[in-house]
Amino acid sequence: MKYLVILGDGMADRPIESLGGRTPLEYAKTPKMDELAAKGEIGMVHTIPDGMKPGSDTANLSVLGYNPREFYSGRSPLEALSIGVPMKDTDVALRCNIVTLSEEEDNYEDRTIIDHSSGEISTEECAVLLEAVKKELETDIFHFYVGTSYRHCLIWENGEVVDLVQPHDVLGQKIGDKLPENEALRTMMKKSYNILVNHPINIERKKKGLNPANSCWFWGAGTKPALYPFTERTHKKGAMISAVDLLKGIAVGTSMKVITVDGANGGLDTNYEGKAKAALDVLTRDGYDFVYVHLEGPDEMGHQGSVEKKVKAIERLDERIIRPIAEGLAAAGEDFRMVVLPDHPTPISLRTHTADNVPYLLYDSTAERSESWHYNEREAAQTTNFIPEGHKLIEYLLQM
């Protein structure tokens, strides 16, 4: 038996008036998910432990079977693992977004955060910008490391885990009261704007009508994580397919194989076919038992507040990831159990995460059922199927 988690990050939502009171998942054309749902089981799962922030970090740990209350030590340390940062036990890692701030105001504190992703800037461009920041701001205490797209890492030697604001939580708001209380972090953010605002790359981006990547934004502080290998409890040989450093870092921390797919960028135009092929290869050719396929697109479109693009991301997940994987495994004669779900909702109306329950779809090729339901939040909530502790979903999938 082969096992899969296919996760549409932030795919769940709330009813939207322009979609006739439906959610993007309910409105989207998803024939393969609906087919698998009708042959399987749908229900709801609570992935975020009560009282914890609804982040992709806590939620994906939960889906993979690691109780965030026990294993979560901060978001950025997981990303640091992915990019090979040599963290010491006394280090604190912070996410360093390169964001878009408004430029009309005289004072940094009066600026507004327009885009947490700088228009999903490429890694190549952003690496050049981070190098300019690094040249001016790196010290014996603070060290910058390049990640993916707008997502980078700052290591603070002998640092402290301070409470910092997530940039995607304050889109469209003035940043003055959202800045770090720590003077060193606050000063670096202000200086980064002066370094980046007139950088040649940003001048060209503005000429092209693209959002400039004009300031660092620090958040997600945490210490070196301690995760046990995925195989230790599950006895399954597992692999991770994702474009984002957070998921790759979770894989590194749990001793799973990290599969890098060319052209996978965490955006709407990622390499869907490459991800599907990689999943099939690792299960049918390389002898792995389990694969976790993560798609960032729905979450990014939720943060952008784009109904149309979120629907499109969900439809592409169905047509270009789920369909070829399910049909490819069937053609290869493989028995498989697959769960499809979001990690958390990213409602269009809020443009940030919530801790609401999310719908899951569980399909078993060896135990097909005949149901009339479709895969979406409303119909999943109408069933009596509910998993109150998200970290136990993996046990249900793997029949542990």
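Residues numbered from 1 in each chain as written. Predicted model: local features only at pLDDT ≥ 70, side-chain atom pairs only at ≥ 80, totals over all residues. Heavy atoms only, no water.

In this section: the pairing of strand 1 (residues 2-8). Among the 7 residues that make up strand 1, 7 are buried, leaving the element largely enclosed by the rest of the structure. Here strand 1 shows a buried face lined by K2, L4, I6 and G8 and a second buried face lined by Y3, V5 and L7. Judged from the 6 bridges that link them, strand 1 and strand 11 (residues 336-341) form a sheet pairing that is parallel. Bridge pairing links I6 to V340 in strand 11. Across 6 bridges, strand 1 lies against strand 10 (residues 290-295) in parallel orientation. Bridge assignment links I6 to a residue of strand 10, and that residue is V293. (Buried < 20%, exposed > 50% of the residue type's maximum accessible area, 1.4 Å probe, protein only. Helix = DSSP H or I, 4+ residues; strand = E, 2+ residues; numbered from the N terminus. Pairing = 2+ DSSP bridges.)

Below, the discussion takes up the layout of surface pockets. A volume near 360 Å³ is recorded for the largest pocket. Considering every element that reaches the lining of the largest pocket, the biggest residue donor is helix 12 (residues 297-304), with 3 residues. Here the residues of the lining of the largest pocket sort into 8 nonpolar, 11 polar and 6 charged. By volume, the second largest pocket is sized at about 280 Å³. In terms of lining residues, the second largest pocket is bounded by 16 residues, among which K53, Y72, D163, G220 and A221 are the most central. (1 Å grid on protein atoms, 1.4 Å probe; cavity = no way out; pocket = protein on both sides within 12 Å on 5 of 7 lines; lining within 4 Å. Points joined across faces, edges and corners; volume = space filled by probe spheres on them. Nonpolar A, V, L, I, M, F, W, Y, C, P; charged D, E, K, R; others polar.)

To find leftover empty space, one rolls a probe the size of a water molecule over the atoms. In the structure shown here, the tally under the stated rule is 1 cavity of 30 Å³ or more. Its boundaries defined by the atoms lining it, the largest cavity holds a volume of some 130 Å³. Around the largest cavity, the lining comprises 18 residues; the ones closest to its centre are R75, R95, Y150, E296 and D299. Breaking the lining of the largest cavity down by element, the ones donating at least two residues are helix 10 (245-253) and helix 12. Considering every element that reaches the lining of the largest cavity, the biggest residue donor is helix 12, with 3 residues.

The next thing to look at is the packing of helix 11 (residues 272-284) against helix 13 (residues 307-331). Their axes nearest at 9 Å, the elements helix 11 and helix 13 cross at an angle of 25°. Considering the angle they form, helix 11 stands roughly parallel to helix 13. For the element pair helix 11 and helix 13, the recorded crossing hand is right-handed. On helix 13, the residues that touch Y272, E273, K275, A276, A279, L280, L283 and T284 of helix 11 are R316, L317, R320, I321, P324, I325, G328 and L329. The residue makeup of the contact of helix 11 with helix 13, split by class, is 10 nonpolar, 2 polar and 4 charged. (Axes fitted to C-alpha atoms, helices over the stretch in contact; angles between N-to-C directions. Parallel < 35°, antiparallel > 145°, perpendicular 65-115°, else oblique. Left-handed = near helix turned anticlockwise from the far one by under 90°. Contact = heavy atoms within 4.5 Å.)

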